[in-house]
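# Close look at the chain arrangement
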Amino acid sequence: MTRYIDRGAIVAGWVGVGMALTIAVSFLLVIPIEPVYWYLALPTGLLIGYYANRRAGRAGAGIGRLLLNGLWAGVVTALVYAALLLAVKGLFFVADDGYRDASAGGRLSCTQGADCVYARYQAEGRDAELRSVGVTDAASFTGFYWDQQLSTAALLVALLMVGSVGGTLIFGAANRKPEGSRPETESVTAS
């Protein structure tokens, strides 16, 4: 055990990194359904907060130690979860070359990167919405886009942290030891 965080909770943090990677690959790359990624943030936090204390074997422990364990695993998981979202968004932002399926109207005429992402938003009919927030070109769109992505990442971190605290509290409530279940200490006298 470390002074503040149990080794089991440290391992749980690494398990959280694996969870974040699995969820990101599954719902940002393989089956790109980004809202599912958002919706899984809270349950992921609940699981990792609970698991950190289960892994640490902290049944019946005080709430302070439980929270430190749950928060540690939650912070590690949340930061990786948000970083993976931003990394995938960054990859697609710089690599967008305007390709669209013929059923969507064919390739957009744009320069790879921000210009194509902006053109894609315009082609989706969101030009009036963008103009209402001051976006009129690819440069202003870039600032707007990344502000939105950073806000989403911050929200994911918050959801995961709330979840990890919730998971910790659930663990604490479900794993309380009854008053008489603690072994009594025997006094040993030297002869």
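Everything below is about the structure shown above.
Here's what I pulled together on the structure shown here. (Residues numbered from 1 in each chain as written. Predicted model: local features only at pLDDT ≥ 70, side-chain atom pairs only at ≥ 80, totals over all residues. Heavy atoms only, no water.)

### Examining the overall build of the protein
A tally of regular secondary structure across the protein gives seven helices and zero strands. Tracing the protein from N to C terminus, the helices and strands come up as α-α-α-α-α-α-α. For the protein, the C-alpha radius of gyration of 23 Å lies well beyond 16 Å, the compact-globule estimate for 191 residues. In terms of principal-axis extent, the alpha carbons of the protein reach across some 90 × 30 × 25 Å. (Helix = DSSP H or I, 4+ residues; strand = E, 2+ residues; numbered from the N terminus. Rg over C-alpha atoms; globule rule 2.2 N^0.38 Å.)

### A short note on the packing of aromatic side chains
Within the structure shown, the criterion is met by 10 aromatic pairs. Taking 6.5 Å as the distance between ring centres and 80° as the angle between the ring planes, the aromatic pair formed by Y121 and Y145 counts as edge-to-face. Residue Y121 is found in helix α5 (residues 114-123), and its partner Y145 is found in helix α7 (residues 138-174); the two are separated by 24 residues along the sequence. The exposure class assigned to Y145 is buried, which follows from its relative accessible area of 7%. Taken together, a centroid distance of 5.2 Å and an interplanar angle of 90° make the contact between Y145 and W146 edge-to-face. (Phe/Tyr/Trp six-rings, centres within 6.5 Å; stacked < 30°, edge-to-face > 60°. Buried < 20%, exposed > 50% of the residue type's maximum accessible area, 1.4 Å probe, protein only.)

### What to know about the environment of G60
Mapped onto the secondary structure, G60 falls in the loop between α3 (41-56) and α4 (63-95). Judged by its relative accessible area of 25%, G60 is partly exposed. Separated by 113 residues in sequence, G60 and A173 have C-alpha atoms that sit 9.0 Å apart.

### Regarding the nonpolar core
Judged by nonpolar contacts, the single largest core of 14 residues is most densely connected at L28, Y37, Y81 and L156. Secondary structure elements with two or more residues in this core: α1 (7-30), α4 and α7. A total of five residues in this core trace back to one element, the largest contributor, which is α4. Setting aside its immediate chain neighbours within four residues, L156 contacts Y37, W38, A41, Y81 and L85. F93, Y118, Y121 and V135 belong to the second-largest nonpolar core, a separate cluster that totals nine residues. (Core = buried A, V, L, I, M, F, W, Y, C linked by side-chain atoms within 4.5 Å. Contact = heavy atoms within 4.5 Å.)

### Quick word on the state of the cysteines
A complete count under the given rule lists one disulfide for this structure. Sulfur-sulfur distance for the disulfide between C110 and C116 comes to 2.0 Å. As the torsion about the S-S bond is roughly 100°, the C110-C116 disulfide counts as right-handed. Relative accessible area serves as the criterion here: at 21%, C110 is assigned to the partly exposed category. Here C116 falls in the buried class, since its relative accessible area comes to 0%. (Disulfide = S-S within 2.5 Å.)

### What to know about a nonpolar patch on the surface
Together, V25, L29, V30, I31, I33, L91 and F92 give the surface a local cluster of nonpolar side chains, amounting to about 630 Å² of exposed area. Of all the secondary-structure elements, those providing two or more residues to the nonpolar patch are α1 and α4. Here the nonpolar patch gets three residues from one element, more than from any other, and that element is α1. The exposure class of V30 is exposed, given its relative accessible area of 60%. (Patch = residues over 30% accessible without salt bridge, like charges linked within 9 Å, V, L, I, M, F, W, Y side chains within 5 Å. Areas by Shrake-Rupley, 256 points an atom, 1.4 Å probe, with all protein chains shown as cover. Salt bridge = Lys/Arg side-chain N within 4 Å of Asp/Glu carboxyl O.)

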